[in-house]
Amino acid sequence: MFHQDNYQVTRHICPRNCYDSCPMLAYTTGGRIEKITGDNSVPGASSHLCAKGEQILAQVYHPKRILYPMRQKKRGSGRWHRISWTEAFDLIAQKIISLKERYGSTLPLCLNKYSGNFGLLHYAPEGLFNSLGPTTQVCGTPCFSSGIDAQRLDFGGNKTMPIEQLRYARLIILWGVNPAWTSIHTMTAIYNAKQQGAKVIVIDPVYTETAHKADYYIQLRPGSDTALAILLLQILDKRQALHVDEQHVLGAQPLLMSIRKARQAELLAAVDQPLATVEFLAGLIADSQPMHIWCGFGLQRHIHGGLTIRLIDVLSLLTGNIGLPGGGVNFADTGMWDFPQPIIGRRPDTRFININNFAHELQQLTDPPVKFLWVACRDPLRQDMALRDLRAAWQDLELVVTADKFMTKTAQMSDIFLPVTTEFESLDVFGGYFRHFLGINEPAIPPRGDALSDLEIARRLAVRLNDLAPGTSNFPVHKNESELLDEELPPELCQQMGLHSWHDLYQKPALFPHAEIPWQDHSFAHTDGKFHCCELPADLRPLLPSSAFPFHLITPHVQSYINGQNHTKLESASIYPVVYIHPQPARERGLTNNHPAIMENEYGSLTVTIKFCSDLASDILLSAQGTSRHGGLNVLNPGRPTDLGSLSTGAPGVAIYDVFVNIRTLS
Ligand SMILES: Nc1nc2c(c(=O)[nH]1)N[C@H]1C(S)=C(S)[C@@H](COP(=O)(O)OP(=O)(O)OC[C@H]3O[C@@H](n4cnc5c(=O)[nH]c(N)nc54)[C@H](O)[C@@H]3O)O[C@H]1N2
Ligand SMILES: Nc1nc2c(c(=O)[nH]1)N[C@H]1C(S)=C(S)[C@@H](COP(=O)(O)OP(=O)(O)OC[C@H]3O[C@@H](n4cnc5c(=O)[nH]c(N)nc54)[C@H](O)[C@@H]3O)O[C@H]1N2
Ligand SMILES: [Mo]
């Protein structure tokens, strides 16, 4: 903290699930935060925040933020009344103890938590659950696990190059990523690279804002990137533009043999592109080094998502781009995963269920069933797959507790609401998964209302549990934030980041350990030191629309807020999801611009509002996730598993964009 003019200035870092993980400064006067800016005191950070950054302050003071614990008479009734923390903890503790007695097990207790705040101390709910005994918890991630596994299988690990390196790139391929919306600071680096002469290509079924800014745009069929990557490898192989360094690469020849055998006509049909387009792209790749490919998370939200990334890694390697400044393939950096995270208190007997298949796995658990659900940092009843089944599974839960800042869809179907602090009201440390920023969130203001941090909630509940039934929890209730951070960030780790201790983060943010040029010496992280090429499975066909459900439904991430977190904008949000459609198929179905329609498939149906968009392919419907007041897009989403993900996260990824629907008029 320091003082500037009349302000107390505190250091922060946006702890959301986002590529950019922006360091921030909060300016407080008279006990109220007046403004929040980017903190550019660490190299690469910006003084500007994104559109969602502007929502951050609005969230702290929004009139709809819930500041007191509450209890609901009947789930979904909206008949909430304020209770004290003592009452809340009593109700929860009694339930936990009685379930433990009834089932002779703590497995009926389930935690569903993910990415509302990825701060190190925000893993306290996991710690609390693990302190009770073996419980049921979610594993896996909807974001990026297929790609994480893919790169781990190829390189042996996951590293991103700092985006400033983009200035050395001659060709930048933005493949299934829309940074103009989801990572605006990378756009600045891309514009800089363009100014230095780099060409930018966007490959995306949707003509995104990023595509508008690119030199070239390829509108391919969703899920057909595997075919495109094979085509490119085929063409480059014929041109003798691929080079295999046997000393550092395993399995290249068998892969190339399969690639040579693949039928070009079938591949071209899959991508729905003329050969000339693919040849043009291959030509650019052959002639432009360094080439940088950014594989987005959107790219791998298809059943072959992992394989797609593996083939793109091979493309980059065999064209000699891995290890060059500005070259290589960025996806995600798991450097923060190497932190010890003792607060979690991991145990071998946790019953993990797939976060991407939560509804079905919940329904299948019988021995013992889940009866108590604690939701934190998530809104599954808006964002999860198989939403209809999740709503059904919910009925069997005896007590649902949601810890959040706002009355989310999930909170509306809970029995108890626990109000949590924002990143301006409690101490924590956080690091990203794409940029390498590590920063502190120091309290700028005291907790608003009765809000408590997730950590403080865990501590107080543990105390109450032990009052009622001694020995129920061994959560470290006597350690304060500072002591816990000492354990999270031990001296060896701090040393690697050039810090004496995490307290240095009060002075300025840092960078967690990372490579400037990943895999520069071609010494890969597998035990044999080699890059491991994938094999081509026999069946590579992407899922395609059918006559009953002739549209791909793509539901990407939106610009001005994150995921379903449109809390501060809900008032102005549309009631029904807005679905974009090309005017021609719309007219064929008698649909009118700006009018309601029914979108449906074998899993469900929902009312949407139609908007015409002539940029779209005629078999694609587009609707940004989380934008409407009613929500519900994911009733149509079965949550098909992707090919990879389990290796690193314990569960496969989810093919969020392999969804097929029909659309019709209301009557
Ligand atoms: N503003 C904002 N920023 C965010 C988020 C947010 O909600 N809002 N969410 C955060 C989170 S949790 C995540 S996971 C990331 C996601 O960030 P991104 O990786 O940018 O994610 P998506 O929006 O899922 O998809 C990106 C693009 O992939 C395209 N795409 C879909 N299918 C295919 C395909 O088959 N092939 C190709 N080539 N492209 C395809 C989509 O049309 C979309 O334009 O962003 C993070 N940052
Ligand atoms: N159709 C469709 N569905 C999708 C996706 C898609 O692209 N299309 N994307 C998927 C992806 S990649 C993701 S990551 C998920 C995201 O979906 P969710 O995992 O549900 O995440 P959010 O919508 O970001 O909600 C996080 C919640 O955490 C709360 N929160 C914020 N800070 C804190 C805190 O400190 N403590 C607590 N207890 N709560 C806090 C926020 O208020 C918010 O309500 O959605 C998935 N669902
Ligand atoms: Mo995500």
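Given the structure is predicted, the values throughout are model-derived calculations rather than measurements. (Residues numbered from 1 in each chain as written. Chains lettered and ligands numbered in written order. Predicted model: local features only at pLDDT ≥ 70, side-chain atom pairs only at ≥ 80, totals over all residues. Heavy atoms only, no water.)

S.K.: Describe the pattern of salt bridges, with residues and values.
M.R.: Enumeration over the complete set of coordinates arrives at 28 salt bridges. Across the pair Arg 11 and Asp 39 runs a salt bridge, and its minimum N-O distance is 2.7 Å. Residue Arg 11 is located in strand β2 (residues 7-13), and its partner Asp 39 is located in the loop between β4 (32-38) and α1 (51-61); the two are separated by 28 residues in the primary sequence. As far as burial versus exposure is concerned, Arg 11 and Asp 39 are alike and both buried. As a salt-bridge pair, Arg 460 and Glu 456 come within 2.8 Å of each other at their nearest N and O atoms. Taken together, the residues span about one helical turn, with Arg 460 and Glu 456 both in helix α17 (residues 454-468) at a distance of four residues. Given a relative accessible area of 37%, Arg 460 falls into the partly exposed group. (Salt bridge = Lys/Arg side-chain N within 4 Å of Asp/Glu carboxyl O. Helix = DSSP H or I, 4+ residues; strand = E, 2+ residues; numbered from the N terminus. Buried < 20%, exposed > 50% of the residue type's maximum accessible area, 1.4 Å probe, protein only.)

S.K.: Residue-level account of helix α15 (residues 387-394), with values.
M.R.: Among all positions of α15, only Leu 387, Leu 390, Ala 393 and Trp 394 are buried. Angularly, the buried residues of α15 cover 115° about the axis, an arc narrow enough to put them on a single face. Along its buried surface, α15 packs onto α13 (358-364), β16 (372-376), α14 (380-383), β17 (399-404) and α16 (409-412). (Arc of directions from axis to C-beta. Contact = heavy atoms within 4.5 Å.)

S.K.: I'd like a rundown of the side chain of Ser 146, residues and numbers included.
M.R.: Along the polypeptide, Ser 146 turns up in helix α4 (residues 145-155). For Ser 146, a relative accessible area of 1% gives the class buried. Setting aside anything within four residues of it in sequence, one finds Ser 146 in contact with Gln 300, Gly 305, Gly 306, Thr 642, Asp 643, Leu 644, Gly 645 and Gly 653.

S.K.: Residues and numbers for the domain arrangement of the protein chain, please.
M.R.: For the protein chain, the assigned domains read domain 1 (70-142 + 346-421 + 444-491), domain 2 (161-331) and domain 3 (551-665). Taking the mean C-alpha position of each, domain 1 and domain 2 sit 41 Å from one another. (Domains from an automatic or database assignment.)

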